Amino acid sequence: MSSSAPSPSLAPHGRAGLARRGLMLVLSSPSGAGKTTLSRRLLESDAHITMSVSVTTRPPRPGEVEGRDYFFVDAAHFEAMREAGDLLEHATVFGNFYGTPRAPVEEALGAGRDVLFDIDWQGTQQLDESAGEDLVKVFILPPSAQDLEKRLRTRAQDSDAVVRHRMEQASEEIRHYSEYDYIIINDDVAESLHKLTAILEAERLKRRRLTGLTEFVKGLHAAL
Ligand SMILES: Nc1nc2c(ncn2[C@@H]2O[C@H](COP(=O)(O)OP(=O)(O)O)[C@@H](O)[C@H]2O)c(=O)[nH]1
Ligand SMILES: [Mg+2]
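Residues numbered from 1 in each chain as written. Chains lettered and ligands numbered in written order. Predicted model: local features only at pLDDT ≥ 70, side-chain atom pairs only at ≥ 80, totals over all residues. Heavy atoms only, no water.

A word on the sheet that holds strand E8 (residues 135-141). With parallel pairing, five strands are arranged side by side in an open sheet as E2-E7-E1-E8-E9. Here the strands that pair on one side only, and so sit at the sheet edges, are strand E2 (49-51) and strand E9 (182-185). On average, each strand axis in the sheet is tilted by 25 degrees relative to the strand beside it, whichever way the strands run. Helix-sheet contacts for helix H7 (residues 189-204) involve strand E1 (24-28), E2, strand E7 (114-118), E8 and E9, and the interaxial angle to E9 is about 165 degrees. (Pairing = 2+ DSSP bridges. Helix = DSSP H or I, 4+ residues; strand = E, 2+ residues; numbered from the N terminus. Axes fitted to C-alpha atoms, helices over the stretch in contact; angles between N-to-C directions. Contact = heavy atoms within 4.5 Å.)

On to H7, then. A rise of 1.5 Å per residue sets the reference length of H7, with its 16 residues, at 22 Å; its end C-alpha atoms lie 22 Å apart and thus fit the reference within 8%. Within H7, the full set of buried residues consists of Ser192, Leu193, Leu196, Ile199, Leu200, Glu203 and Arg204. The buried residues of H7 occupy an angular sector of 130 degrees when the element is viewed end-on, so they sit on one face. Each element contacted by the buried residues of H7 is listed here: E1, helix H1 (35-45), E2, E7, E8 and E9. (Expected span 1.5 Å × (residues − 1). Buried < 20%, exposed > 50% of the residue type's maximum accessible area, 1.4 Å probe, protein only. Arc of directions from axis to C-beta.)

On to helix H3 (residues 102-110), then. Three- or four-residue spacings in an α-helix give side chains the same orientation, since the helix completes a turn every 3.6 residues. For H3, the complete set of buried residues consists of Val105, Ala108 and Leu109. Projected down its long axis, H3 shows its buried positions confined to an angular sector of 95 degrees, all on one face. Exposed positions of H3 whose direction lies more than 90 degrees from the buried face are Ala103, Glu107 and Gly110. For H3, the secondary structure elements touched by its buried residues are E1, strand E5 (87-93), strand E6 (96-101) and E7. Gly112 occupies a position one or two residues after H3 and carries a positive phi of about 80 degrees.

In this section: the confidence of the model for the protein. When pLDDT is averaged along the protein, the result is 90, and 92% of the positions lie at 70 or above. A low-confidence stretch, residues 1-16 (pLDDT under 50), is modelled with 25 contacts involving residues beyond four sequence positions or located in other chains. (pLDDT = per-residue confidence, 0-100.)

In the vicinity of ligand 1 there are 17 residues, among which Ser54, Arg58, Tyr70, Tyr98 and Asp118 approach most closely. Between Tyr98 and ligand 1, the recorded distance is 2.5 Å, taken from a side-chain N or O atom to an oxygen atom. Between Asp120 and ligand 1, the recorded distance is 2.8 Å, taken from a side-chain N or O atom to a nitrogen atom. For the shell around ligand 1, the secondary-structure elements that each account for two or more residues are E5 and E6. (Near = heavy atom within 4 Å. Polar contact = N/O pair within 3.5 Å; in protein donor to acceptor, adjacent residues only side chain to side chain.)

Here is the structure:
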């Protein structure tokens, strides 16, 4: 993703010309907490972060676009990717397989771009092991159980039994909140986006990510 008008505060090579390593921003939440909406909004507002598009064996929902929301594949294709080592992480969620293709992530990070992941706690744990310090983990919580139930009902128009099952799954996902660095209670999307942007900006300024810092400071010294 690129922009003709880069915002100086968010540029991977900021005004001072500092190069930095790209970071991996993970968003996890129970289904219905608003994570997909929040991801979309972040991608629209920040030109320097790229979405990691997962492969899944779940069938597409109405309105979902191949290559934007997911790459929709069958189980055999998924297995082949997994066996070839083409997935950075993978997990089974609601009986379907989900995985993160490795190549696009490595390519984006190599180019100094940040990558956004909408994955569950299982995938986050796997990335934690392989990515370590490049990973920034954000957990989104619904403001209340009633709110979550309302969102699940209006969104999917599922039966009571399905909604009940999703609520139980939500309860299970929420158990993992303490494995994350940041928590956002998603009461209001605009406010949550503001918080997420603040997290991203602060993380981008971490000294250890600024690979061009030594050179920059050397230059300062030389001119003093
Ligand atoms: N581990 C892992 N989880 C994923 C991946 N892609 C999506 N997920 C998670 O799978 C869960 C179900 O996603 P989805 O089928 O889109 O339904 P949703 O709950 O309505 O968002 C969500 O928690 C996603 O974050 C992936 O590549 N790896
Ligand atoms: Mg989603």
